[in-house]
2 protein chains.
Amino acid sequence: MELDDRKKRVLQAIVDDYVATNEPVGSKSLIERHNFQVSSATLRNDMAELERLGFIEKPHTSAGRIPSDLGYREYVDSLMKIDTLTQKEQQEIESNISGTVDEAADLIKSATHTLSEATGFISLSMSPRLQKSFLKQIKILMIEPGKALVVLVLSAGVVKDKIVRIPNFITDEQMIKISGAIEKNLTGKPLDEITLVTVETAAKDTEIPSGILRQVLYEAYTAIKQADQLSIYLEGEHKMLAFPDFSSMGRARDLLGTLSDSGMVAGYVNEMENQAQVSGKKDSYMIRIGQEITLEGLDDCSFITATYNMGDTVSGNIGVIGPKRMDYSRVISKMDFVKKKLNEELKKLT
Amino acid sequence: MELDDRKKRVLQAIVDDYVATNEPVGSKSLIERHNFQVSSATLRNDMAELERLGFIEKPHTSAGRIPSDLGYREYVDSLMKIDTLTQKEQQEIESNISGTVDEAADLIKSATHTLSEATGFISLSMSPRLQKSFLKQIKILMIEPGKALVVLVLSAGVVKDKIVRIPNFITDEQMIKISGAIEKNLTGKPLDEITLVTVETAAKDTEIPSGILRQVLYEAYTAIKQADQLSIYLEGEHKMLAFPDFSSMGRARDLLGTLSDSGMVAGYVNEMENQAQVSGKKDSYMIRIGQEITLEGLDDCSFITATYNMGDTVSGNIGVIGPKRMDYSRVISKMDFVKKKLNEELKKLT
DNA sequence: TGTTGGCACTCAGAAGAGCCGAGTGCTAAT
DNA sequence: ATTAGCACTCGGCTCTTCTGAGTGCCAACA
């Protein structure tokens, strides 16, 4: 069922007006604000049709119409055109993201912050998926008898460390040997190709008794495996309280409650990313609207994400969560620009 | 002006009832719930007196009384008695905090989480104040030409690292020399005694050209200085939305907005800690009620903190932020127990 | 002097009535 | 297919009234 041109314009106008005013929009106000060359009665017919098709709905009999989830979906898929940012908007974002930061994590955080500031909504970032990054260096440093520090330097400028317990009687010299052997054999390997076996084989030509060795290697292995754990960072949650859409408090609580479970949110972002990969995404962004979001309490939200890249093989996500009654075009263009800048800056770190 | 015994009981009863019901409490309901051996008229006289003294107030003429900030203050200072936790409550906390964690930061986080769960309020923790910790190890590892990693191992099991830029042409051998020299001379020094001069002198007997050396040392120095930056961790913000005390949305937004500025909150916690030190605190906790809190939007909250210890010289804070209409005794006893457990576990890491 | 019963008074909040007006669907004419 | 016209709907605003918990105060009492 294809919408004719005018109906498309009507839907578009309804979304635009509703986003701008937060009031159900009626046929008459539609005529006033947009110059349709027809009468309000005609629009009423169109609106009845749009409602029958599920694109709009009315909160109650005597009110105007508001877009349904499907309506928003149609809007973002085929009706809206993405704006370009003004010089000033670009500058504001640019000046916040670029700078003299040497750690990728800081850069990503500052991009997240900028994104929340620029949109006025909740922003988030996922840490890079490091399974595909490779080990540039690995060192095991003795801290004190029984305790050592595993330091991993990964491609794309990421460093991870972990304190591990080791047998008490291992000496500095032994540890240097082990560390050297592991480093020699694992450097250059992608994280997801490193298994416990790989690690154990890596150190087999040291002449350390295998009992001792095993435990150290096991700890080194877990440190490596922990390095690619995903983490999520959220910012600007409180901004949602400013929107009338969440004035009911119960809704606000559900929303913030769900978001406080960062594991769950991270999982959901991952899912979005995966689905986009499978379906051969054509857009630079992924978007979920209202009930499409399976997280509890986000029924009145839209969730927009994009993918940033760190080197050739490693990527992560940034995203925005806002009321589904949002200016999609503005948000998407801002997110896109933030992503672009972030990619550029990340490249400089490589 | 000392309160006589009955007036004390009245104030106590008012606080208790108001905390339990969130309704202004009147003379009659006071008689019903507590067995005062006098009539409601007598209590009315007492209440008038308490109001004159500023301990209680009425929201409007025809309502009961609610405690004022001063009333709560009197309550926590001299009226309440701290409960002891039940076996079950203790176990719940214990099982969450102890465990096999090797990093102090993780331990503190899990204590914070437990604290929020146990109280139902916002909890927070400050990272340990590391100025007084001493350097156990410092290593500078080459990552690639122009880039190095400074790794600091501090007393009390804290590790910090920082990627720094260095002159391109420094060789591995040179770096090992520099690293060794710094380590030899700085190990064992408290962070706050290390200055740029200390660092520069530490490496002066390497035979590296001083131009090159200077930059590396400067970077090492900033890495050290960055290590003791305070950070704050907050959890459970959304829980506040459940309380009728914050149902006005505007208040909720102000509260969460203020809390999202972590630097500001950290500064305030610091201030509380310092004032407690100066005034020779006698309690194991610090408490600020309502308007006593200078942070914007926390007028309806109480802010309770305690100090945890990591070794002899290093300490940090944990705390709870809840509605000032809270069960102080319960919260304080829980926080105290969490702190105790946290201290025990931290000790194990040393 | 502290305590009590009694009484007039207050006032927030709930409940109900009425109105307004933006918006709708439908019909008949163009 | 479009339009004018019209009867109808109903959320939300205002206004009023009512209710009841709670108060302050006074005069009597122990």
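Preceding this paragraph is the structure being described.
These numbers come from a predicted model, not from an experiment.

Visitor: How would you sum up the nonpolar core? Please name residues and give values.
Guide: One finds Phe 303 and Tyr 328 of chain A together with Phe 303 and Tyr 328 of chain B to be the most contacted residues of the largest nonpolar core, which totals 226 residues. Counting 14 residues, the second largest nonpolar core, distinct from the first, contains Leu 149 of chain A together with Leu 141, Leu 149 and Val 153 of chain B.

Visitor: Which residues make up the relation of the copies chain A and chain B, and what values go with them?
Guide: Copy one and copy two of the chain differ by a rotation about a common axis and a shift along it. Note on the copies: chain A fits chain B at an RMSD of 0.1 Å, the axial shift is 0.0 Å, and the rotation between them is 180 degrees. The transformation just described matches what one would write down for a two-fold rotation axis. Minimal C-alpha distance to the rotation axis in chain A is attained by Met 249 of chain A, lying at 3.5 Å. Of all interface residues in chain A, 97% are interface residues in chain B too; the two copies therefore contact each other through one and the same surface.

Visitor: I'd like to hear about the sheet that holds strand S9 (residues 301–310) of chain A, residue by residue, with values.
Guide: Backbone-to-backbone hydrogen bonds pair the strands of a sheet. The strands run either parallel or antiparallel. Residue and element names in this part refer to chain A. Overall, antiparallel pairing links the 5 strands, which are arranged S7-S3-S10-S9-S8 in an open sheet. The open sheet is flanked by strand S7 (232–235) and strand S8 (285–289), the only strands paired with a single partner. Averaged over all pairs of adjacent strands, the angle between their axes in this sheet comes to 15 degrees, without regard to strand direction. Sheet topology note: the S8/S9 ladder contains 5 bridges and is antiparallel. Within the sheet, the bridge partner assigned to Tyr 285 lies in S9 and is Ala 306.

Visitor: How would you sum up helix H4 (residues 69–79) of chain B? Please name residues and give values.
Guide: All names here are of chain B. For H4, the tally of buried residues reaches 8 of 11 residues, placing the bulk of the element in the interior. Where H4 is concerned, the buried positions are Asp 69, Gly 71, Tyr 72, Arg 73, Glu 74, Tyr 75, Val 76 and Leu 79. On its buried face, H4 is in contact with helix H1 (5–21), strand S2 (66–67), strand S8 (285–289) and helix H12 (328–349).

Visitor: Tell me about the protein's contact with DNA strand D, residues and numbers included.
Guide: Lining the immediate environment of DNA strand D, one finds 21 residues, of which Ser 39, Thr 42 and Ser 62 of chain A together with Ser 27 and Arg 65 of chain B sit closest. Of what DNA strand D places within 4 Å of the protein, 77% of the atoms are sugar or phosphate. Arg 44 of chain A is positioned such that a nitrogen or oxygen atom in its side chain is 3.2 Å from a base oxygen of DNA strand D. Tallied by class, residues from the surface near DNA strand D come to 4 nonpolar, 12 polar and 5 charged.

Visitor: Let's hear about unusual backbone geometry: which residues, and what values?
Guide: Residues and elements named next belong to chain B. Located in the positive-phi region is Asn 22, a residue other than glycine, with phi close to 60 degrees. The residue Asn 22 is located in the loop between H1 and helix H2 (27–33) in this model. The class of Asn 22 is partly exposed, set by a relative accessible area of 23%. Backbone geometry places Met 249, a non-glycine residue, at a positive phi of 65 degrees. By secondary structure assignment, the location of Met 249 is in the loop between strand S7 (232–235) and helix H10 (250–260).

Visitor: Tell me about the packing of H1 of chain B against H4 of chain B, and name the residues and values.
Guide: All names here are of chain B. Two elements in contact, H1 and H4, have axes separated by 10 Å at closest approach and are oriented at 110 degrees. In terms of orientation, H1 lies roughly perpendicular with respect to H4. Where H1 crosses over H4, the two elements pack in a sense that is left-handed. Every residue of H4 that contacts H1 at Lys 8, Leu 11, Gln 12, Val 15, Asp 16 and Tyr 18 is listed here: Gly 71, Tyr 72, Glu 74, Tyr 75 and Leu 79. A class-by-class count of the residues in the contact of H1 with H4 yields 6 nonpolar, 2 polar and 3 charged.

Visitor: How would you sum up the packing of aromatic side chains? Please name residues and give values.
Guide: Residue and element names in this part refer to chain A. A complete count under the given rule lists 7 aromatic pairs over all chains for this structure. Seen in terms of ring centroids, Tyr 75 and Tyr 328 are 6.5 Å apart; in terms of plane orientation they differ by 55 degrees. Their pairing is tilted. You can see Tyr 75 sitting in helix H4 (residues 69–79) and its partner Tyr 328 sitting in helix H12 (residues 328–349), a full 253 residues away along the chain. No difference in accessibility class separates Tyr 75 from Tyr 328, as the two residues are buried. For the ring pair Tyr 268 and Phe 303, a centre distance of 5.6 Å and an interplane angle of 45 degrees mean the geometry is tilted. You can see Tyr 268 sitting in helix H11 (residues 262–278) and its partner Phe 303 sitting in strand S9, a full 35 residues away along the chain. Through a chain of ring-to-ring contacts, the aromatic side chains of Tyr 72, Tyr 75 and Tyr 328 assemble into a single cluster. Seen from the ring of Phe 36, Arg 9 lies directly overhead, with NZ or CZ sitting 4.3 Å from the centre.

Visitor: So what's going on with the environment of Met 286 of chain B? Residues and values would help.
Guide: Residues and elements named next belong to chain B. With respect to the helices and strands, the residue Met 286 is situated in strand S8. Residue classification places Met 286 among the buried residues on the basis of a relative accessible area of 5%. Counting along the chain gives 203 residues from Met 286 to Asp 83, while the straight-line C-alpha distance between them is 17 Å. When near neighbours in sequence (up to four residues on either side) are disregarded, Met 286 contacts Met 272, Glu 273, Ala 276, Phe 303, Ile 304, Thr 305, Ala 306, Thr 307 and Asn 317.

Visitor: Break down the protein's contact with DNA strand C for me, citing the residues and quoting the values.
Guide: Taken together, 21 residues are adjacent to DNA strand C, and Ser 27 of chain A together with Arg 6, Ser 39, Thr 42 and Ser 62 of chain B come closest. For DNA strand C, the backbone makes up 81% of the atoms found within 4 Å of the protein, where backbone means sugar plus phosphate. One nitrogen or oxygen atom from the main chain of Ala 63 of chain A is found 3.3 Å from a sugar or linking oxygen belonging to DNA strand C. Here a phosphate oxygen of DNA strand C sits 2.7 Å away from a polar atom, N or O, in the main chain of Ser 39 of chain B. If you list the elements that add at least two residues to the surface near DNA strand C, you get helix H3 (40–52) of chain A together with helix H3 (40–52) of chain B.

Visitor: Could you give me a rundown of the interface of chain A and chain B, with the residues and numbers involved?
Guide: At the junction of the two partners, chain A supplies 33 residues and chain B supplies 32 residues. Summed over both sides, the interface between chain A and chain B buries roughly 3,000 Å², with carbon and sulfur atoms accounting for 60% of that surface. On inspection of chain A and its partner chain B, the count reaches 2 salt bridges. Here Lys 136 of chain A ties to Glu 144 of chain B by a salt bridge, and the two come within 2.7 Å at their closest N and O atoms. Of all the secondary structure elements, the ones that give two or more residues to the side of chain A that touches chain B are strand S4 (135–144), strand S5 (147–154), strand S6 (158–165) and helix H10 (250–259) of chain A.

Visitor: Explain the pattern of salt bridges to me, and be specific about the residues and the numbers.
Guide: Where side chains of opposite charge bring their charged atoms close, a pairing between them can arise. All names here are of chain A. Applying the stated criterion across every chain, the model contains 38 salt bridges over all chains. Arg 33 is the partner of Asp 17 in a salt bridge, and the nearest nitrogen-oxygen pair spans 3.6 Å. On the criterion of sequence distance, the pair formed by Asp 17 in helix H1 (residues 5–21) and Arg 33 in helix H2 (residues 27–33) is long-range, its members being 16 residues apart. Overall, Asp 17 belongs to the buried group, its relative accessible area being 4%. On the basis of relative accessibility, which here comes to 48%, the residue Arg 33 falls in the partly exposed class.

Visitor: How would you summarise the sheet that holds strand S4 (residues 135–144) of chain B if you had to cite specific residues and measurements?
Guide: All names here are of chain B. Across the sheet, which stays open at both edges, the 3 strands sit in the order S4-S5-S6 with antiparallel pairing between neighbours. Of all strands in the sheet, those bounded by a partner on one side alone are S4 and strand S6 (158–165). When strand polarity is set aside, the average angle formed by the axes of neighbouring strands in this sheet is 15 degrees. Helix-sheet contacts for helix H9 (residues 210–227) involve S4, strand S5 (147–154) and S6, and the interaxial angle to S6 is about 145 degrees.

Criteria and cut-off values
- Residues numbered from 1 in each chain as written.
- Chains lettered and ligands numbered in written order.
- Predicted model: local features only at pLDDT ≥ 70, side-chain atom pairs only at ≥ 80, totals over all residues.
- Heavy atoms only, no water.
- Core = buried A, V, L, I, M, F, W, Y, C linked by side-chain atoms within 4.5 Å.
- Buried < 20%, exposed > 50% of the residue type's maximum accessible area, 1.4 Å probe, protein only.
- Least-squares fit on C-alpha atoms with pLDDT ≥ 70 in both.
- Contact = heavy atoms within 4.5 Å.
- Pairing = 2+ DSSP bridges.
- Helix = DSSP H or I, 4+ residues; strand = E, 2+ residues; numbered from the N terminus.
- Axes fitted to C-alpha atoms, helices over the stretch in contact; angles between N-to-C directions.
- Near = heavy atom within 4 Å.
- Polar contact = N/O pair within 3.5 Å; in protein donor to acceptor, adjacent residues only side chain to side chain.
- Nonpolar A, V, L, I, M, F, W, Y, C, P; charged D, E, K, R; others polar.
- Parallel < 35°, antiparallel > 145°, perpendicular 65-115°, else oblique.
- Left-handed = near helix turned anticlockwise from the far one by under 90°.
- Phe/Tyr/Trp six-rings, centres within 6.5 Å; stacked < 30°, edge-to-face > 60°.
- Lys NZ or Arg CZ within 6 Å of the ring centre and 35° of its normal.
- Buried area = accessible area lost by both parts, 1.4 Å probe.
- Salt bridge = Lys/Arg side-chain N within 4 Å of Asp/Glu carboxyl O.

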